Amino acid sequence: MNDQALNKAKLLDQSDVLATYRQEFEMPNDVKGNPLVYLCGNSLGLQPKQTKKFISDELEHWAKWGVEGHTQGHNAWLPYHELLTHQMAKIVGGQDQEVVVMNTLTVNLHLMMVSFYRPTGQRHKIIIEADAFPSDRYAVESQIKFHGYDPNQSLLLWKPDPETGLCQMASLKALMEQHKDSVALIMLGNSNYYSGQVYPIGAITELGHHYGAKVGFNLAHGAGNIICDLHDNNVDFGVWCTYKYLNSGPGSLGGVFVHKRHAKAHDLPRFTGWWGHDKVTRFKMRDAFEPIEGAEGWQLSNPPILSMAAIRASLDIFDRATMKAIRDKSVQLTAYLAELLTNLNTDKIKIMTPLDPGQRGAQLSLQIKDSDRSLHDALTDLGVVSDWREPDVIRVAPAPLYNSYQDVYNFVQRLNQCL
């Protein structure tokens, strides 16, 4: 590391069109008050400073109106979730009718599989990536068992190349061709949590539909990170959380996308609740369930307003910054990070995430040779907040809204010190 690299970081920060957004976030310090190098937005995004006001407004609303707050005052609670719809739809590339904020991630995944995994004696298999996040695998296996099938027979794994650790489209095509008449659903985490590889949503969807399968994506690491274009890519469904790149706070609500071609499929099996009932007759307490057209028809319960207020605080920032600018900076940030890592000229670290920007998001996964986690712990002691994943990967994710090029420089400088 040298002054030239530091000067480059400062110049890049000076020309960064998103640089001012850093001031809109709470930046954490260590116990001595020194600023941390926070590169863990892929696990928990930082808190927007305006989140307190958005939540406080709803607390005051509750104090002033009580139960009447559902229909009275500014931003009445009854239609509150609709305040998030348009901005969230822009983030994932959906139409307003196709998107709703509700529940949490794995709950939504189950609800979508209730509707879009309809196994038959011939077509009962689900494809997931071999190194999917464990929760995805648990959910998929439990759905298979619920329908009376054996995961050993009905769960197919898209395995990464043993040399690169990355999944190849050629192997997915071969898997589909081998099991073409028996695959009911392809369900992938579009941005792999471990490798950081981004899968081509459009190509995978087209492949699945060609063989008669439904296609859904877990966008936990995609929403707010990459350009998803769910509608144009013709995806059947998508689910995501909002506490990673979308900065809504720990355990906050998730989102759902259901393509508009399913909007009026009222005969599609689903688990139902009163908040998915037609809004005009919802409070008439009628016996027959009449689903709302579109994604809202999958809602179960009235939403938690305080959590939604935190999401609104973050979506306001995304709306002003725009996903295009966020994605553009992300490409440049990770390219600068890759450049600095390469210049370290060490065989101790391998970047396993694709260097092609089209195949990665904000995360670079660093595979550590002969690792026992000691390198990650040493970085932590030097004030770096990153993420360790067994057996040998440090995940580093500079988030474009609040991370600077100098953050990236500081990380690599401290990494070099540890090495």
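Computed from a prediction, not measured in an experiment: that's the story for all the values here. (Residues numbered from 1 in each chain as written. Predicted model: local features only at pLDDT ≥ 70, side-chain atom pairs only at ≥ 80, totals over all residues. Heavy atoms only, no water.)

Caption draft 1: Region of the structure containing the side chain of Ser 365. Mapped onto the elements, Ser 365 comes out in strand β10 (residues 364–368). A relative accessible area of 0% places Ser 365 in the buried class. The contacts of Ser 365, once residues within four sequence positions are left out, are Tyr 194, Ser 195, Gly 196, Lys 350, Ile 351, Met 352, Thr 353, Val 393, Ile 394 and Arg 395. (Helix = DSSP H or I, 4+ residues; strand = E, 2+ residues; numbered from the N terminus. Buried < 20%, exposed > 50% of the residue type's maximum accessible area, 1.4 Å probe, protein only. Contact = heavy atoms within 4.5 Å.)

Caption draft 2: Layout of the packing of helix α7 (residues 169–178) against helix α8 (residues 201–210). Packing of α7 against α8 brings their axes to within 11 Å, and their N-to-C directions diverge by 15°. Classified by the angle their axes make, α7 and α8 are roughly parallel. In the crossing of α7 with α8, the sense of the turn from one axis to the other is right-handed. For the pair formed by α7 and α8, the contact residues are Met 169, Leu 172, Lys 173 and Met 176 on the first element and Ala 203, Ile 204, Leu 207 and Gly 208 on the second. (Axes fitted to C-alpha atoms, helices over the stretch in contact; angles between N-to-C directions. Parallel < 35°, antiparallel > 145°, perpendicular 65-115°, else oblique. Left-handed = near helix turned anticlockwise from the far one by under 90°.)

Caption draft 3: Region of the structure containing the pattern of salt bridges. What the rule picks out here adds up to 17 salt bridges. A salt bridge links Asp 57 to Lys 53, with the shortest nitrogen-to-oxygen separation between them at 3.0 Å. In this pair, Asp 57 and Lys 53 are both assigned in helix α2 (residues 51–65), 4 residues apart and thus about one turn of the helix distant. Given a relative accessible area of 33%, Asp 57 falls into the partly exposed group. The exposure class of Lys 53 is exposed, given its relative accessible area of 53%. Note that Asp 316 is salt-bridged to Arg 320, the shortest N-O span being 2.9 Å. (Salt bridge = Lys/Arg side-chain N within 4 Å of Asp/Glu carboxyl O.)

Caption draft 4: Fine view of the packing of aromatic side chains. Scanning all chains against the criterion turns up 10 aromatic pairs. When the ring of Phe 116 is compared with that of Trp 298, the centres are 6.3 Å apart and the planes differ by 20°; the resulting orientation is stacked. Of this pair, Phe 116 sits in helix α4 (residues 105–116) while Trp 298 sits in the loop between β8 (254–258) and α9 (305–321), and the two are 182 residues apart along the sequence. Each member of the pair, Phe 116 as well as Trp 298, is classed as buried. Joined through ring pairs, the aromatic side chains of Phe 116, Phe 237 and Trp 298 make up one cluster. (Phe/Tyr/Trp six-rings, centres within 6.5 Å; stacked < 30°, edge-to-face > 60°.)

Caption draft 5: Fine view of the packing of helix α11 (residues 374–381) against helix α12 (residues 405–418). With their axes 10 Å apart at the nearest point, α11 and α12 run at an angle of 125° to one another. Overall, the two elements α11 and α12 adopt an arrangement that is oblique. The interaxial crossing formed by α11 with α12 has right-handed handedness. Mapping the contact onto sequence places Leu 375, Ala 378 and Leu 379 in α11 and Phe 411, Arg 414, Leu 415 and Cys 418 in α12. Looking at the contact of α11 with α12, its residues break down into 6 nonpolar, no polar and 1 charged. (Nonpolar A, V, L, I, M, F, W, Y, C, P; charged D, E, K, R; others polar.)

Caption draft 6: View of the pairing of strand β3 (residues 125–129). Burial analysis of β3 places 5 of its 5 residues in the buried class, the great majority of the element. Burial of β3 is two-sided: the residues Lys 125, Ile 127 and Glu 129 facing one way and the residues Ile 126 and Ile 128 facing the other way are all buried. Across 3 bridges, the pairing between β3 and strand β5 (residues 183–189) is parallel. Looking at the pairing, Ile 126 lines up with Leu 185 of β5. As judged from the 4 bridges shared by β3 and strand β4 (residues 155–158), these two strands associate in the parallel manner. Each bridged residue has a counterpart across the sheet, and for Ile 126 the counterpart in β4 is Leu 155. (Pairing = 2+ DSSP bridges.)

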